[in-house]
Amino acid sequence: MDRSGDMLRVAIWRSRGDGGGFAHYDVPREASQTVLDVVTYVQRRLEPSLAYRFACRVGMCGSCAMTVNGVARWTCRTHVARVADGDRLEIAPLANLPVVKDLVTDMREFFDKWARARGRFGGARTRRDDFARVDPASPARRAADAGIECIGCGVCYASCDVVRWRPDFLGPAALNRAWTLVNDSRDTAQRERLAAVAGDAGCHACHTQGSCTERCPKHIAPTAAIAGLKRATARAAVRGTLGAEPR
Amino acid sequence: MKRAAAATAAGRSDAAGRVLADAIRQGRRWYWQRMSAMVLALCVLVHLVTIVYAVRAGLSAEAVLARTRGSLAFGAFYGVFVLACAVHVPIGLARIAEEWLGMAPRVADAAASALAWLLAALGLVAVYGMVAG
């Protein structure tokens, strides 16, 4: 193993009372070391009371996102070599979310917004019906596929300046989820969903700054999804069908 | 259609109705701003080319007026240009007033409407002056 032998100087956010501050640790550098490896080393060897969250370690579960040197990232797939500033690494909880303890954030509001954006599939078929036939090459299905791999890590939400300015903004992940369902030909809750994602707290609040798209570890473009929602809601608003009951 | 949507909004609980009314308002504003932006993109391009031509050719004010007076094409083009500005600019300014000045949506809308009429009136008077004056 290529052990470079030098140490990383790691600053990790620790909760204290209502606030907190950075605590400093020296962690040996390893080859192919991830930021999650560093946090795990600190928790197992140096600071057993350190709270952090992870599960799969392979970029599937979306639970290990943190702010690394000022940028929200999924830590299990982020190599230290790529993000360390020399030998320095600063690890903090995700922004725009309340901190439970240390590096653990409360994700309730983040996921509640998925529900508020009607992020739940609404179907009309039962198990006795035949399978719905969806052409994978159709433009709508392609649009849905482009956003469907979201793992709910919250990196986009933590990177969004609009969420920071106005906390009621649904945020990129919830709107991206809504856009995948708007493009799902089987879904039956379209009118309600468009009404839910329009307006001041919805897609119209987005300033198209693109931080979500730049930072999404799955290379999804919530900015494009939000632009799609703006088009769809505008069409419905002008036709007078936004929020109207289907006839 | 507008009435149908408003009636739907009114039929809901107050809070849900307000959210829906806001959604409809934002959706419509976005639509008209996008539509006017498409018109403006073309108008600005033609306008810039015209201005550059007029300046490089060294046309005097009299020479410009001689070309615009009685020109229906000039009047129609700049009439559309003015109307697109009158739609586009107030929508954007209302949004900025709401976000940066914390103006209430109703106040911002009223101010935007007043500005729209002002821009349209001043612009159309100017176009009229160039074509018929």
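Residues numbered from 1 in each chain as written. Chains lettered and ligands numbered in written order. Predicted model: local features only at pLDDT ≥ 70, side-chain atom pairs only at ≥ 80, totals over all residues. Heavy atoms only, no water.

For the rest of this paragraph, the subject is the overall build of chain A. A tally of helices and strands in chain A yields 10 helices and seven strands. With respect to the principal axes defined by its C-alpha atoms, chain A has extents near 70 × 40 × 30 Å. Across the 247 residues that make up chain A, the buried fraction comes to 49%. For chain A, the proportion of contacts with a sequence separation of at least 24, taken over those separated by at least 6, is 62%. Looking at chain A as shown, the accessible area adds up to about 12,600 Å², and 48% of this sits on carbon and sulfur atoms. Charge separation in chain A, taken as the distance between the mean sites of 38 positive and 27 negative side-chain charges, equals 5 Å. (Helix = DSSP H or I, 4+ residues; strand = E, 2+ residues; numbered from the N terminus. Buried < 20%, exposed > 50% of the residue type's maximum accessible area, 1.4 Å probe, protein only. Contact = heavy atoms within 4.5 Å. Areas by Shrake-Rupley, 256 points an atom, 1.4 Å probe, with all protein chains shown as cover. Lys, Arg positive; Asp, Glu negative; His and termini not counted. Charge placed at Lys NZ, Arg CZ, Asp CG, Glu CD.)

Contact with chain A, which involves 19 residues of that partner, is made by 16 residues of chain B. A per-residue breakdown of the area chain A buries against chain B is headed by D200(A), H204(A) and V238(A), which together make up 32% of the total. Taken together, the connections running from chain A to chain B amount to one salt bridge. Among the salt bridges present, the one from D200(A) reaches R95(B), with a minimum N-O distance of 2.8 Å. Viewed at the interface, chain B and chain A are joined by six residue pairs in polar contact (both at pLDDT 80 or more). Of all the elements, helix α10 (residues 222-239) of chain A adds the most residues to the side of chain A that touches chain B, at seven residues. (Buried area = accessible area lost by both parts, 1.4 Å probe. Salt bridge = Lys/Arg side-chain N within 4 Å of Asp/Glu carboxyl O. Polar contact = N/O pair within 3.5 Å; in protein donor to acceptor, adjacent residues only side chain to side chain.)

Let us look at the domain arrangement of chain A. Frequently, the measure chosen for interface size is the accessible area removed from exposure when the parts meet. All names here are of chain A. Here chain A is partitioned into domain 1 (7-105) and domain 2 (108-239). Each of domain 1 and domain 2 was reduced to a C-alpha centroid, and the two centroids are 29 Å apart. Listed per partner, the contact involves 13 residues of domain 1 and 15 residues of domain 2. Counting each side, the surface lost to burial between domain 1 and domain 2 is near 1,100 Å², with a carbon and sulfur contribution of 64%. Summed over the three residues of domain 1 that lose the most area to domain 2, namely A72, W74 and N96, the buried surface amounts to 46% of that side. Counting across the domain 1 and domain 2 interface gives three residue pairs in polar contact (both at pLDDT 80 or more). With four residues, the single largest contributor to the side of domain 1 that touches domain 2 is strand β4 (residues 71-74). For the side of domain 1 that touches domain 2, the class distribution of residues is nine nonpolar, three polar and one charged. (Domains from an automatic or database assignment. Nonpolar A, V, L, I, M, F, W, Y, C, P; charged D, E, K, R; others polar.)

Right, let's talk about the nonpolar core for a bit. Residue and element names in this part refer to chain A. Core analysis: the biggest nonpolar cluster contains 67 residues, and L89 and I91 have the highest contact counts within it. Counting contributing residues per domain, this core is built from domain 1 (7-105) and domain 2 (108-239), each supplying no fewer than three. Apart from residues lying up to four places away in sequence, I91 is in contact with V10, A11, I12, W13, F22, V35, V38, V39, M66, T67 and L103. (Core = buried A, V, L, I, M, F, W, Y, C linked by side-chain atoms within 4.5 Å.)

This part takes up a nonpolar patch on the surface. A grouping of V89(B), L93(B), I96(B), W100(B) and L101(B) is seen on the molecular surface, where their side chains present a nonpolar patch of about 540 Å² in accessible area. With respect to the helices and strands, I96(B) occurs in helix α4 (residues 72-100). (Patch = residues over 30% accessible without salt bridge, like charges linked within 9 Å, V, L, I, M, F, W, Y side chains within 5 Å.)

All names here are of chain A. Taken together, the five strands give an open sheet; going across it, the order is β2-β1-β5-β3-β4, and neighbouring strands pair in mixed fashion. Two strands bound the open sheet, and with one partner strand each, they are β2 (19-28) and β4. Ignoring strand direction, the axes of neighbouring strands in this sheet form an average angle of 35°. Of the pairings in the sheet, the one linking strand β3 (residues 65-68) to β4 comprises four bridges and is antiparallel in character. Note on β4: the bridge partner recorded for A65 is W74. (Pairing = 2+ DSSP bridges. Axes fitted to C-alpha atoms, helices over the stretch in contact; angles between N-to-C directions.)

Bringing the packing of aromatic side chains into the picture now. Residues and elements named next belong to chain B. As enumerated under the stated definition, the model contains 12 aromatic pairs over all chains in all. Taking 5.2 Å as the distance between ring centres and 85° as the angle between the ring planes, the aromatic pair formed by Y31 and W32 counts as edge-to-face. A relative accessible area of 23% places Y31 in the partly exposed class. (Phe/Tyr/Trp six-rings, centres within 6.5 Å; stacked < 30°, edge-to-face > 60°.)

Residue and element names in this part refer to chain A. In the structure shown here, the tally under the stated rule is zero disulfides over all chains. Free cysteine C76: the closest other cysteine sulfur is in C64, separated by 3.8 Å. No disulfide involves C203; its sulfur sits 8.4 Å from the nearest other cysteine sulfur, which is in C206. Among the residues examined, C203 registers a relative accessible area of 0% and is labelled buried. (Disulfide = S-S within 2.5 Å.)

All names here are of chain A. Tracing the backbone shows V100 in strand β6 (residues 99-101). By relative accessible area, which is 55% here, V100 ends up exposed. The spatial distance from the C-alpha of V100 to the C-alpha of A237 is 40 Å, given a sequence separation of 137 residues. If near-sequence neighbours (up to four positions away) are discounted, V100 is found in contact with T105 and D106.

On to the packing of helix α3 (residues 108-116) of chain A against helix α7 (residues 172-182) of chain A. Residue and element names in this part refer to chain A. Between α3 and α7, the least distance of the axes is 8 Å, while the angle of their chain directions is 30°. By the criterion of interaxial angle, the relationship of α3 to α7 is roughly parallel. Every pair of crossing elements has a handedness; the one defined by α3 and α7 is right-handed. Only A173, A174 and R177 of α7 make contact with α3, whose side of the interface consists of F110, K113 and W114. (Parallel < 35°, antiparallel > 145°, perpendicular 65-115°, else oblique. Left-handed = near helix turned anticlockwise from the far one by under 90°.)

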